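# Report on the structure
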Amino acid sequence: MAVSCGMHERNGDKMNGILLIIPVLLPILGGMLLPLFPFNSRRQRNIYVETIVVINSLLMWYLLVTHPMSYTRLINLAGILEVSVHLDGTGMVFAALVATLWPFATLYAFEYMKHEGSETRFFSFYTITYGITLGIALSANLMTMYMFYEMLTLVTIPLVMHSFKKEARFAGRKYAYYSIGGAAFAFIGFIFILNYGSSMNFTFGGVLDTAKIGADTNVLLAVFVFMVLGFGVKAAIFPLHGWLPTASIAPTPVTALLHAVAVVKSGAFAIIRITYYIFGTEFLRGTWAQYTVLLFVAATILYCSSSAVKEQHLKRRFAYSTSSNLSYILLGVLLMTPGGLVGGFTHMIFHGIMKITLFFAVGAIMHQTGSTYIYEISGYGKKMPVVFACLSIAGIALIGIPPLTGFISKWNIATAAVGAWQQGNRLAPVLICVLILSAFLTSIYIFTIIIKAYLPAKFTPTPSGQALSDRQAEGSTKEICDPNWLMKLPMVLFAILIFLFGIYSAPLMNFFSQVASGRI
């Protein structure tokens with residue numbers, strides 16, 4: 001594999017350019033080699049995995065701080081088709097989220113996976129997924145992102161199907177069909193960009209060559225819609241969201257990363273790339289294509305928020321919530337204004353923190369009690385105070401109540417929608433109403449969980465329709481308690497971050513503004 005650094009390098013950045021490759025390759029190689037080592041105990045294997053993940057995150061954060069400007073080419077396939085890595089502002093946002101959450105998610109997984117079986121296989125794919133996700137974040141061009149995007153599907157299918165029970169196999173097949181089908185839609189756009197673009201490299205403002213477009217404007221607008229829907233499969237856009245609730249059958253460490261970081265955020269990240277760095281907002285803003293994708297986003301927010309209210313399975317409720325909140329991100333992004341992109345970035349980061357906390361809490365409930373439905377958790381709030389405190393903080397933040405993170409991100413998106421309305425976006429008033437209604441629905445599906453946990457009803461219905469008396473319900477929770485520190489530490493740290501970023505997010509907002517204006 002040939003490695004060369006492009007002419008955009010600054011003096012002294014050659015080493016940093018080479019270092020850009022390591023966060024991608026280290027977890028991939030480390031995960032592939034994991035089954036080959038004859039570890040004497042779970043502890044040794046866990047130390048091996050956590051060491052790779054922590055070193056990788058530290059290296060990624062070093063690169064985020066030093067911000068090398070080099071383009072590092074890994075492979076030249078043919079002409080302008082090359083596999084290259086580069087770290088720009090948008091890549092920094094996604095890479096920072098991934099590098100921050102992954103070590104703690106891995107720590108959580110050590111305890112959760114004790115009784116799931118096939119741990120070595122699980123952590124092998126789990127670690128490989130880390131490297132591939134960073135490959136998407138560090139992609140310098142459409143070819144590289146598409147390659148890693150496809151690899152992400154292949155490497156996460158075994159994680160979804162981990163137990164290989166009937167339901168898990170069905171979920172894995174469904175996830176594969178949706179993802180591969182979506183990638184086919186995205187590939188249509190890939191071919192058109194080859195013909196109508198001046199480059200495949202991500203360039204803020206877009207790469208379309210106006211001399212080549214001619215009378216084919218509507219064709220390219222249709223291609224944009226196809227690409228948004230194609231990459232939007234992983235971002236769970238309605239009606240292509242069905243795989244996500246089904247994939248909740250996977251172990252909680254998988255669903256936490258599927259729904260908070262790796263897969264779904266990769267879909268949103270890809271849409272940011274094609275909107276701002278391939279087609280360009282000047283070409284798209286105000287067109288029928290923009291209004292079409294915004295309508296898909298608005299439908300997703302309402303449908304999935306409503307579905308979350310009706311869903312009684314804890315993980316599936318939060319899966320529908322994820323679909324809805326991903327479209328919050330896309331709503332901001334597809335407003336195609338700097339303020340909208342800032343709102344999209346903000347919710348990408350803050351939703352990742354909030355949602356991984358919620359899934360960690362749900363996973364702890366399942367791990368400690370075996371309960372998976374909302375009607376089963378009466379009285380658990382007092383028995384598991386740390387878990388439900390973290391769940392409550394993350395849930396209240398997700399609603400958008402100040403001074404927590406969800407308020408900041410949703411406020412940014414709403415104000416961007418108002419700004420777009422003032423600039424002539426005729427759909428903006430509808431989008432604002434959608435945001436308000438979704439916030440109301442979010443409060444319902446969050447507070448019903450919290451109230452059920454802390455204020456148990458007179459009776460607890462069982463799946464068979466019978467009822468447990470107060471005394472029976474209390475007895476059923478007698479031995480329930482919080483999990484050990486491996487599961488509690490990530491939840492508590494992220495709950496603290498939810499509060500801290502809520503009261504002090506100015507430096508982060510300033511950084512997002514610079515990225516949204518193309519200065520980073």
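The structure displayed is predicted, hence computed values, not measured ones.

### What to know about the overall build of the chain
If you tally the helices and strands in the chain, you get 23 helices and 5 strands. Compactness check: the chain gives a C-alpha radius of gyration of 22 Å against a globular reference of 24 Å for 520 residues, within 12% of the reference. Taking the principal axes of its C-alpha atoms as reference, the chain extends roughly 75 × 60 × 45 Å. Within the chain, the fraction of its 520 residues that count as buried is 60%.

### Quick notes on the packing of helix 16 (residues 338-369) against helix 19 (residues 405-422)
Relative orientation and spacing of two packed helices are given, respectively, by the angle between their axes and the distance between those axes. Closest axis-to-axis distance for the helix 16/helix 19 pair is 8 Å, and the angle between their directions is 160°. With respect to each other, helix 16 and helix 19 are oriented roughly antiparallel. Helix 19 is crossed by helix 16, and the crossing has left-handed handedness. Contacts from G339, G340, V342, G343, G344, T346, H347, F350 and M354 in helix 16 reach T405, G406, I408, S409, K410, N412, I413 and A416 in helix 19. Considered class by class, the residues forming the contact of helix 16 with helix 19 number 6 nonpolar, 10 polar and 1 charged.

### Brief notes about unusual backbone geometry
Residue P239 follows F238 across a cis peptide bond; omega there is 5°. Structurally, P239 can be placed in the loop between helix 9 (217-232) and helix 10 (243-246). P402 connects to P403 through a cis peptide bond whose omega is 10°. With respect to the helices and strands, the residue P403 is situated in the loop between helix 18 (385-399) and helix 19. Of note in this structure, S118 is not a glycine but carries a positive phi near 50°. Along the chain, S118 falls in the loop between helix 4 (89-112) and helix 5 (119-137). A relative accessible area of 40% places S118 in the partly exposed class.

### What about the pairing of strand 3 (residues 81-85)?
In the case of a regular strand, side chains alternate between the two sheet surfaces. Along strand 3, 4 of the 5 residues are buried, which leaves the element largely enclosed by surrounding structure. Where strand 2 (residues 72-78) and strand 3 come together, 5 bridges link them in antiparallel fashion. Of the residues in strand 3, the one forming a bridge with T72 is V85. Counted between consecutive antiparallel strands, the loop separating strand 2 from strand 3 contains 2 residues, among which G79 sits at a positive phi close to 60°.

### Description of the confidence of the model for the chain
Caution is warranted with low-pLDDT regions, since their predicted coordinates should not be read in detail. Mean pLDDT over the chain stands at 89; residues scoring 70 or higher make up 92%. Here residues 1-12 scores under 50 on pLDDT; set against residues more than four positions off or in separate chains, the count is 27 contacts. Residue range residues 459-478 is modelled with pLDDT below 50. Its contacts to residues more than four positions away, or to other chains, number 25 contacts.

### Brief notes about the pattern of salt bridges
Taken as a whole, this structure holds 7 salt bridges when the rule is applied. With its nearest N and O atoms 3.3 Å apart, the salt bridge here joins E282 to R285. With a closest N to O distance of 3.5 Å, R316 and E311 form a salt bridge. Taking the relative accessible area as the measure of exposure, E311 reaches 16% and is therefore buried. Several salt bridges share partner residues, and in doing so they unite R42, R45 and E119 into one network.

### Considering the packing of aromatic side chains
As enumerated under the stated definition, the model contains 31 aromatic pairs in all. Between F123 and Y126 the ring centres are 6.4 Å apart and the planes differ by 85°, which places this aromatic pair in the edge-to-face class. Placement of both F123 and Y126 in helix 5 is noted, with a separation of 3 residues, approximately one turn of the helix. Owing to a relative accessible area of 0%, F123 belongs among the buried residues under this scheme. Consider the rings of F238 and Y303, whose centres lie 4.7 Å apart with planes at 40°: the pair is tilted. On the criterion of sequence distance, the pair formed by F238 in the loop between helix 9 and helix 10 and Y303 in helix 14 (residues 288-310) is long-range, its members being 65 residues apart. A residue is classified by how much of its surface remains accessible, and Y303, at 38% relative accessible area, is partly exposed.

### Quick word on the packing of helix 16 against helix 23 (residues 506-516)
Taken N-terminus to C-terminus, the directions of helix 16 and helix 23 make an angle of 130°; their axes are 9 Å apart at the nearest point. Relative to helix 23, the element helix 16 is oriented oblique. Note that helix 16 runs across helix 23; the crossing there is right-handed. When helix 16 is examined against helix 23, the residues P338, L341, V342, F345, T346, I349 and F350 are found in contact with a partner set consisting of L508, M509, F512, S513, V515 and A516. The residue inventory of the contact of helix 16 with helix 23, partitioned by class, reads 11 nonpolar, 2 polar and no charged.

Definitions and cut-offs
Residues numbered from 1 in each chain as written. Predicted model: local features only at pLDDT ≥ 70, side-chain atom pairs only at ≥ 80, totals over all residues. Heavy atoms only, no water. Helix = DSSP H or I, 4+ residues; strand = E, 2+ residues; numbered from the N terminus. Rg over C-alpha atoms; globule rule 2.2 N^0.38 Å. Buried < 20%, exposed > 50% of the residue type's maximum accessible area, 1.4 Å probe, protein only. Axes fitted to C-alpha atoms, helices over the stretch in contact; angles between N-to-C directions. Parallel < 35°, antiparallel > 145°, perpendicular 65-115°, else oblique. Left-handed = near helix turned anticlockwise from the far one by under 90°. Contact = heavy atoms within 4.5 Å. Nonpolar A, V, L, I, M, F, W, Y, C, P; charged D, E, K, R; others polar. Pairing = 2+ DSSP bridges. pLDDT = per-residue confidence, 0-100. Salt bridge = Lys/Arg side-chain N within 4 Å of Asp/Glu carboxyl O. Phe/Tyr/Trp six-rings, centres within 6.5 Å; stacked < 30°, edge-to-face > 60°.

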